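# What the coordinates show
The chain contents come next:
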Amino acid sequence: MPKGNPKPQTIATRKYEAKAGFLSKSYKLKKDTVNAFADACEKAGVSQAGQLTKMMQEFIEKTK
């Protein structure tokens, strides 16, 4: 649960994320790479999270 005095929507969101199996990860990447990726995703009309998920799944399948 969020710390402090979270609003009801924040609590509901965290509860849904936990139930749906969402996980937040943090990576340190070069600023140029991150900005270029964001620009490419915007140009392609896709979300960054969606594209990362797609690339991760393809890599997982490739390495099986």
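You'll find the structure just up there.
Residues numbered from 1 in each chain as written. Predicted model: local features only at pLDDT ≥ 70, side-chain atom pairs only at ≥ 80, totals over all residues. Heavy atoms only, no water.

Here the structure, examined in full by the defined rule, presents one aromatic pair. Judged by centre distance (6.1 Å) and plane angle (40°), the rings of tyrosine 16 and phenylalanine 22 are tilted. Classification of phenylalanine 22 as exposed rests on a relative accessible area of 56%. (Phe/Tyr/Trp six-rings, centres within 6.5 Å; stacked < 30°, edge-to-face > 60°. Buried < 20%, exposed > 50% of the residue type's maximum accessible area, 1.4 Å probe, protein only.)

Here we take up the layout of surface pockets. Put simply, the largest pocket is a space of about 660 Å³. Along the wall of the largest pocket there are 17 residues; nearest its centre are Lys25, Tyr27, Ala49, Leu52 and Met56. For the lining of the largest pocket, the secondary structure elements donating two or more residues are helix H2 (31–44) and helix H3 (48–62). Element by element, the count of residues in the lining of the largest pocket is highest for H3, at seven residues. Here the residues of the lining of the largest pocket sort into 10 nonpolar, six polar and one charged. (1 Å grid on protein atoms, 1.4 Å probe; cavity = no way out; pocket = protein on both sides within 12 Å on 5 of 7 lines; lining within 4 Å. Points joined across faces, edges and corners; volume = space filled by probe spheres on them. Helix = DSSP H or I, 4+ residues; strand = E, 2+ residues; numbered from the N terminus. Nonpolar A, V, L, I, M, F, W, Y, C, P; charged D, E, K, R; others polar.)

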